[in-house]
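# Tertiary structure, described
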Amino acid sequence: MENFNAFVDGLSGAVFFKVPLLGTQIELIVLYLALPMLFFTLWLGFPNIRQVGRAVRILRTQPQEGEAKGDVSQWGALSTALSGTIGLGNIAGVAVALTMGGPGAILWMFIIGWFAMTVKMAEVTLGLKYRVFDDRGHVHGGPMYVLKAVGAARGWPRVGLALGGSYAFFALFGAIPMVQVNQSFAQVQVVTGMTNGWAYGVFIAGAVALVTLGGAAWLGEVSKRLTPLKVAVYLGGVFAILILHVADIPAALALIWNGAWSGDAATGGAVGAFVAGMRRAVFASEAGVGSAVMAHSLARTQHPVSEGLVALLEPLLGTMIVCALGGLALVVAGTWNGGLEGIAITSSAFAQVSPWFPWLLAVVVFLFAYSTLVAWGFYGLQAWGYLFGNGPKAQWTYKILYIVALPPAAAIDLGRVVGIVDSSFFLMAIPNVIALYLCAGELRRDVKDYLAHRQDGAT
């Protein structure tokens, strides 16, 4: 275990290498992801403001089966992507952001979530444009296919293959969402007293296997049903906390605002709040990481930009609404600075409403973890297929490896789990962001062409 911990610490140190900025140290990878969020929001004409209504209209007029290529509906693809993004990154992740950067991190998560909408739109549009269909008519997509195609088109086939392969390799590790297993067990442990993490890990791995061993259609059906349910139950608990502390909301909002611009020394000041908000917002929204592209690539749509616009809604729902409300609830409850960590902070806040509310949270946490594990199992399968082929034997090999890899996550401490996941996520972002910059010109042309000819919101 000591060797494992040393490896994780070394990996985190390399990925989150710090550079001096404005008199303080900031992680270079954080700046690497912040810049495309700002650039593409300006480059594409603020679609995170101007096109949200169109995105909703597209979902109401999405093509039916047989009207366009794809394995699932646009709503099914969005639900699958949301299953991956609206997970424990929105519960435990908000708590981690608070302990790392103080209340100001919540405002930065909200702001970064808004800019993340455009990056999500850009990467999904490219994913749909360069997705491929196999001999059986099934679709495969993701940043690795974009990089391969773009490299070949620009006369750099080897560079494209290398970048696509590196993304797929990092995605294999990033697609094992250990935080979900770890923190769902932590909450189950709080309410039941269960101490055997391995037993819980085996149980949840078995539950994930029921869906993972199926196919994309089954995944879409499960996601469509679980996603609205888990969000509704969680937000119900959050609103209960806010109602209980309604008189404290103005002071909490002031604390969040002031913390974003000044902060305190214990959490690194304003820069510490920004960095914490940035890291957790990326984990919650996955914008710039490219993972959700693999889910959206399944969508039945007649134009890539159509699904890109639908993808705008992911950070809006997952980061700007769910994370912001959850963070506000933890601040008004005052549990974020009481020496607790991770999901225990949220559990303590829920307990203020009623002694049985931590049980409600345990149910929510399991649903969030389960749906995320199912979605990421599919993402990892896409990366595995890119590297080793999409034949039945290769797919079954990955599914078994994925299921076997889940139980140990319940027995690893939270700090190491967060280090592994964050490192994998940000490494995935490196080649994905390169693809975005390489395709910036064609992205703007495609978006302008789509908006000019689809004024009725057709897909």
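Presented here is an overview of the structure given in this document.

On to the nonpolar core. Grouped together as the largest cluster of nonpolar side chains are 147 residues, with contacts concentrated most on Tyr234 and Leu309. Residue contributions to this core peak at 16 residues, all from helix H19 (residues 357–388). Once residues within four sequence positions are removed from consideration, Leu309 is found in contact with Gln51, Arg54, Ala55, Ile58, Met121, Tyr450 and Leu451.

A few words on helix H16 (residues 304–311). Of all the eight residues making up H16, seven are buried; the element is thus mostly covered by neighbouring parts of the structure. Turning to H16, its buried residues are Val305, Ser306, Glu307, Gly308, Leu309, Val310 and Ala311.

All right, on to the packing of helix H7 (residues 104–129) against H16 then. The contact between H7 and H16 brings their axes to 7 Å, and the two run at 150 degrees. Handedness of the crossing formed by H7 with H16: right-handed. On H16, the residues that touch Lys120, Met121, Val124, Thr125, Leu128 and Lys129 of H7 are Pro304, Val305, Glu307, Gly308, Leu309 and Ala311. The class makeup of the residues in the contact of H7 with H16 is seven nonpolar, two polar and three charged.

Taken N-terminus to C-terminus, the directions of helix H4 (residues 52–60) and H16 make an angle of 115 degrees; their axes are 8 Å apart at the nearest point. As far as their axial angle goes, H16 and H4 are roughly perpendicular. As for how H4 packs across H16, the hand of that crossing is left-handed. Of the residues in H16, those in contact with Arg54, Ala55, Ile58 and Leu59 of H4 are Ser306, Leu309 and Val310. Tallied by class, the residues present in the contact of H4 with H16 amount to five nonpolar, one polar and one charged.

Where nonpolar side chains cluster on the molecular surface, the patch consists of Leu38, Leu42, Phe46 and Ile49 and spans about 370 Å² of accessible area. Mapped onto the elements, Phe46 comes out in the loop between helix H2 (28–43) and helix H3 (47–50).

So, on to the environment of Ala209. For Ala209, the position within the fold is in helix H11 (residues 197–212). Residue classification places Ala209 among the buried positions, given a relative accessible area of 13%. Separated by 165 residues in the primary sequence, Ala209 and Val374 have C-alpha atoms spaced 8.2 Å apart.

This model, assessed by the stated rule, comprises 19 aromatic pairs. Arranged with centres 5.1 Å apart and planes meeting at 85 degrees, the rings of Tyr145 and Tyr386 form a pair that is edge-to-face. Within this pair, whereas Tyr145 is found in helix H8 (residues 143–153), its partner Tyr386 is found in helix H19, the two being separated by 241 residues in sequence. According to the relative accessible area criterion, Tyr145 is buried, its value standing at 10%. A relative accessible area of 15% places Tyr386 in the buried class. An aromatic cluster is defined as three or more aromatic residues linked by ring pairs; in this entry it consists of Phe39, Phe40, Trp43 and Tyr437. The aromatic ring of Trp396 is capped on one face by Lys399, whose charged end is 5.6 Å from the ring centroid. We note Arg444 situated over the ring of Trp43; from NZ or CZ to the ring centre the distance is 3.5 Å.

Applying the stated rule across the entire model yields four salt bridges. A salt bridge links Lys129 to Asp446; the nearest nitrogen and oxygen atoms lie 2.9 Å apart. With Lys129 in helix H7 and Asp446 in helix H22 (residues 440–453), this pair connects stretches of sequence that are 317 residues apart. Lys129 gets classed as partly exposed once you look at its relative accessible area, which sits at 33%. Where salt bridges share partners, they join Lys129, Arg154, Glu442 and Asp446 into one cluster.

On the secondary structure map, His140 appears in strand E4 (residues 139–140). What makes His140 buried here is its relative accessible area of 6%. Polar side-chain contacts of His140 include one of 3.5 Å to the side chain of Gln382. Ignoring any residue separated from it by four or fewer positions in sequence, one finds His140 in contact with Arg131, Val132, Asp134, Tyr145, Gln382 and Asn390.

For the rest of this paragraph, the subject is unusual backbone geometry. With a phi close to 55 degrees, Phe46 is a non-glycine residue in the positive phi region. The exposure class of Phe46 is partly exposed, given its relative accessible area of 31%.

Listing the buried residues of H8 in full gives Pro143, Met144, Tyr145, Val146, Leu147, Val150 and Gly151. Gly155 occupies a position one or two residues after H8 and carries a positive phi of about 80 degrees.

Our focus in this paragraph is the side chain of Asn48. Turning to its location among the elements, Asn48 is positioned in helix H3. A polar atom in the side chain of Asn48 sits 3.1 Å from the backbone oxygen of Trp114.

The rules behind these values
Residues numbered from 1 in each chain as written. Predicted model: local features only at pLDDT ≥ 70, side-chain atom pairs only at ≥ 80, totals over all residues. Heavy atoms only, no water. Core = buried A, V, L, I, M, F, W, Y, C linked by side-chain atoms within 4.5 Å. Buried < 20%, exposed > 50% of the residue type's maximum accessible area, 1.4 Å probe, protein only. Helix = DSSP H or I, 4+ residues; strand = E, 2+ residues; numbered from the N terminus. Contact = heavy atoms within 4.5 Å. Axes fitted to C-alpha atoms, helices over the stretch in contact; angles between N-to-C directions. Left-handed = near helix turned anticlockwise from the far one by under 90°. Nonpolar A, V, L, I, M, F, W, Y, C, P; charged D, E, K, R; others polar. Parallel < 35°, antiparallel > 145°, perpendicular 65-115°, else oblique. Patch = residues over 30% accessible without salt bridge, like charges linked within 9 Å, V, L, I, M, F, W, Y side chains within 5 Å. Areas by Shrake-Rupley, 256 points an atom, 1.4 Å probe, with all protein chains shown as cover. Salt bridge = Lys/Arg side-chain N within 4 Å of Asp/Glu carboxyl O. Phe/Tyr/Trp six-rings, centres within 6.5 Å; stacked < 30°, edge-to-face > 60°. Lys NZ or Arg CZ within 6 Å of the ring centre and 35° of its normal. Polar contact = N/O pair within 3.5 Å; in protein donor to acceptor, adjacent residues only side chain to side chain.

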